[in-house]
Amino acid sequence: MHLTDSQCDRFFDVMDCLLTYVNGRFNVVDANEVDDRDPLIEAKLTLIAHELWENVAVIDDFVRDNPYDLPQADLALTQSWKHAISGTFTVVRYQQGHAILMHESGIYSVSGVEADWEEVLGRVPALVDAVLLPFEGSIIYDGFLSIGDVPEARARAIADEFEERCQQGVVSTVDEFLQRSSAYHEAQSMLEFENFMNSLDRHQGQEPEVLPQGFHRGALAGLSGKERDEAVERDLDRRFGESKPAPSLTKEDEALSIIGLCTLYCGIVRLSDAYRQYCACVQEPMGESEFRTLAVRAGQDKEAPFVIWIEGEHVHAMHFTLDEEYVAEQVAHRIAGGTSVRAFASMERNIADFRRMLEDELGNLDGMRHYLAREHEKFSMRPLPPYSPDVDAFDVIFDNPCVQMLISFLDERIPDGQDDYLFADRVVEELVLGAIEIGDVQAMHAYTHQLGLDGCCADKSRLRQLVANVYDNVPSWENNGWSPREVRERLTGRREFYDERGELMKVGSNDPCPCGSGLEYRDCCGR
């Protein structure tokens, strides 16, 4: 079930007016560049909508100013949107044409907008980042959805959580929605105030945080980046002996390494684009023909951290996780678990499951390859960071301040029984790989939950924020190597900054620029 044509017209007319007002008020993107023909129009509108729901009080100003002479009924509708509920929802099932969405605030029966939920999502359960709104007696969303898969660890708990939350009833009417929204927002405000006061008390009293039972302050806690690196290196030398210097790379090794780096950042890259990156990284590059021959031979012979994919007239280098053989191995491992290969092969049911799952996964894989190739047409490839054969590509990503902030946070909260010197790095490495290769922040949250880290801090939102910051600041295959933060900065023309707690700073136009230039933000990093 979804809105009728006349309802869609009314909804988008009002929403477009509101978003245009918000963009003019907050200058999210250049108004002259908001054009339906722009391939990035959806991304720009999503940024404007995010600004709206972060500053929902602006709706009062919109209703008061009524800049588009909307009728009173449309103004009343807009006013009701102050009760919006935003966040990550689990779409549990479809029921009587509606999608049943589960959230920490309750269970909601939600109509589609332009199409039925089943047509938009397909198989459930699924995760969606959405904003729920009241509209003409129904509950809908604001027209923007970010869709993700449910992590396996999370899927097993959905049924129990759904049954428990259903005891509060399923919210299906506007009146029920407004009541539930008011109660939820009031509870959230109280929680935010308590967290703020607790943080203020600790800061003023300079009292160290009291860690929950089962966690301890690690040996690396409080060390600067350089001190920490040296301490880790001494510990590794003590355990395994001093590491030997890596052998020098040949010209061919260097070329293959740079192609691998391109696939780490972008997932898929045309060899012509990889060659341009290679030429920008080395002083005496080989010729393009030699480069292509080397890349194709190494990729086809599995001698490199990438494989070759040929689509039409274009030859691509592709990250090894996008290869059919790698996917087949992962499917077999998922089904077999700890079963030996011989025992696995003798189980007819396992073979049937393997064939079915492999067919599904290979279909998804082919779709992913073509999707990435299409998305890459929207953005030029991100330039690689300065290349050095002595520096691991992962180290460059790890140097990002948001990645370092999460490492420092975990150093302060090591689970008892874990290695003080290795735990944080191992966890963050898995999270960074997940962010790049899977591109799903919910899978990252599921991983920290699986490790039992949810209770490592009194402010339970802190870890989620730091993990989301890592996702926002590492390369995205979908964005051709640009991180989500870099994409936002390119679209808005404004640089983003984080405070010492990892929260995105709200910098006014006349405020001093956080970069330290001494200029006002509007004259520096804020356009």
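The shown structure was predicted, so the numbers you read here are calculated from the model rather than taken from an experiment. (Residues numbered from 1 in each chain as written. Predicted model: local features only at pLDDT ≥ 70, side-chain atom pairs only at ≥ 80, totals over all residues. Heavy atoms only, no water.)

(A) Region of interest: the overall build of the protein chain. Each helix and strand counted, the protein chain has 20 helices and 12 strands in total. Over its C-alpha trace the protein chain gives a radius of gyration of 25 Å, about what one expects of a compact globule, namely 24 Å for 527 residues. A burial count over the protein chain gives 43% of its 527 residues as buried. Counting only contacts in the protein chain whose residues sit at least 6 apart along the sequence, the fraction spanning at least 24 positions is 66%. Accessible surface, the protein chain: about 28500 Å² in total, of which carbon and sulfur atoms supply 48%. (Helix = DSSP H or I, 4+ residues; strand = E, 2+ residues; numbered from the N terminus. Rg over C-alpha atoms; globule rule 2.2 N^0.38 Å. Buried < 20%, exposed > 50% of the residue type's maximum accessible area, 1.4 Å probe, protein only. Contact = heavy atoms within 4.5 Å. Areas by Shrake-Rupley, 256 points an atom, 1.4 Å probe, with all protein chains shown as cover.)

(B) A look at the pairing of strand β3 (residues 106-110). With five of its five residues buried, β3 lies for the most part within the structure. In this antiparallel pair of consecutive strands, strand β2 (residues 98-103) and β3, the connection spans two residues. In terms of strand pairing, β3 meets strand β7 (residues 170-171) through two bridges, oriented parallel. Counterpart to I107 in the pairing with β7 is V170. (Pairing = 2+ DSSP bridges.)

(C) Here's a closer look at the packing of helix α18 (residues 441-450) against helix α19 (residues 460-473). The N-to-C vectors of α18 and α19 enclose an angle of 135°; their axes lie 10 Å apart at closest approach. Viewed along their axes, α18 and α19 adopt a mutual orientation that is oblique. Crossing of α18 over α19 shows right-handed handedness. Contacts from V441, Q442, M444, H445 and T448 of α18 reach α19 at L463, R464, V467, A468, V470 and Y471. Classifying every residue of the contact of α18 with α19 gives seven nonpolar, three polar and one charged. (Axes fitted to C-alpha atoms, helices over the stretch in contact; angles between N-to-C directions. Parallel < 35°, antiparallel > 145°, perpendicular 65-115°, else oblique. Left-handed = near helix turned anticlockwise from the far one by under 90°. Nonpolar A, V, L, I, M, F, W, Y, C, P; charged D, E, K, R; others polar.)

(D) Examining a negative patch on the surface more closely. On the surface, E227, D229, E230, E233, E242, D392, D395, D399, E429 and E430 cluster together into a patch of negative charge. Of all the secondary structure elements, the ones that give two or more residues to the negative patch are α8 (225-240) and α17 (423-437). Sorting elements by how many residues they give to the negative patch places α8 first, with four residues. Mapped onto the elements, E242 comes out in the loop between α8 and α9 (251-266). Judged by relative accessible area, E242 falls into the exposed class, the value being 70%. (Patch = residues over 30% accessible without salt bridge, like charges linked within 9 Å, V, L, I, M, F, W, Y side chains within 5 Å. Salt bridge = Lys/Arg side-chain N within 4 Å of Asp/Glu carboxyl O. Lys, Arg positive; Asp, Glu negative; His and termini not counted. Charge placed at Lys NZ, Arg CZ, Asp CG, Glu CD.)

(E) Just the confidence of the model for the protein chain, in detail. Per-chain confidence: the protein chain averages 87 in pLDDT, with 92% of residues scoring 70 or above. Contacts for the low-pLDDT stretch residues 338-344, under 50 throughout, to residues beyond four places or in other chains number seven contacts. (pLDDT = per-residue confidence, 0-100.)

(F) Region of the structure containing unusual backbone geometry. The linkage connecting V124 with the following residue, P125, adopts the cis geometry, with an omega of 10°. Among the structural elements, P125 can be located in the loop between α5 (117-121) and β4 (126-135). Positive phi values are uncommon outside glycine, yet Q96 reaches one of about 50°. Take Q96: it is sitting in the loop between β1 (85-95) and β2. For Q96, a relative accessible area of 72% translates into the label exposed. The phi torsion at E136 lies on the positive side, around 45°, for a residue other than glycine. Among the secondary structure elements, E136 is positioned in the loop between β4 and β5 (138-141). The class of E136 is partly exposed, set by a relative accessible area of 39%.

(G) Examining the state of the cysteines more closely. Summed over all chains, the structure comprises zero disulfides. No disulfide involves C8; its nearest neighbouring cysteine sulfur is the one of C17, lying 16 Å away. Look at C8 and you get buried, because its relative accessible area is 11%. (Disulfide = S-S within 2.5 Å.)

(H) The pattern of salt bridges, seen in detail. Under the defined criterion, the tally for this structure stands at 23 salt bridges. In this structure, D60 and K82 form a salt bridge, with 2.8 Å as the shortest nitrogen-oxygen distance. In this pair, D60 is assigned in helix α3 (residues 58-65) and K82 in the loop between α4 (72-80) and β1, connecting sequence segments 22 residues apart. Overall, D60 belongs to the partly exposed group, its relative accessible area being 31%. A relative accessible area of 30% places K82 in the partly exposed class. Note that D411 is salt-bridged to R228, the shortest N-O span being 2.6 Å. A residue pair is termed long-range when its members are at least 10 positions apart, and D411 in helix α16 (residues 401-411) and R228 in helix α8 qualify at 183 residues. In this structure, D411 and R228 share a single accessibility class: buried.

(I) Representation of the packing of aromatic side chains in the model. Per the counting criterion, the structure on display carries 10 aromatic pairs. Between Y21 and F62, the ring centres sit 5.4 Å apart and the planes meet at 75°, which makes this aromatic pair edge-to-face. Of this pair, Y21 sits in helix α1 (residues 5-26) while F62 sits in helix α3, and the two are 41 residues apart along the sequence. There is no split in this pair, since Y21 and F62 are both buried. Measuring from ring centre to ring centre gives 6.0 Å for Y108 and F177, while their planes differ by 70°; the resulting arrangement is edge-to-face. Highlighted residues: Y108 in strand β3 and F177 in helix α7 (residues 174-205), separated in sequence by 69 residues. For the pair formed by Y108 and F177, the shared burial category is buried. Residue placement shows R25 over the ring face of F26; its charged tip is 5.9 Å from the ring centre. Positioned above the aromatic ring of W482, the side-chain terminus of R382 is 5.9 Å from the ring centre. (Phe/Tyr/Trp six-rings, centres within 6.5 Å; stacked < 30°, edge-to-face > 60°. Lys NZ or Arg CZ within 6 Å of the ring centre and 35° of its normal.)

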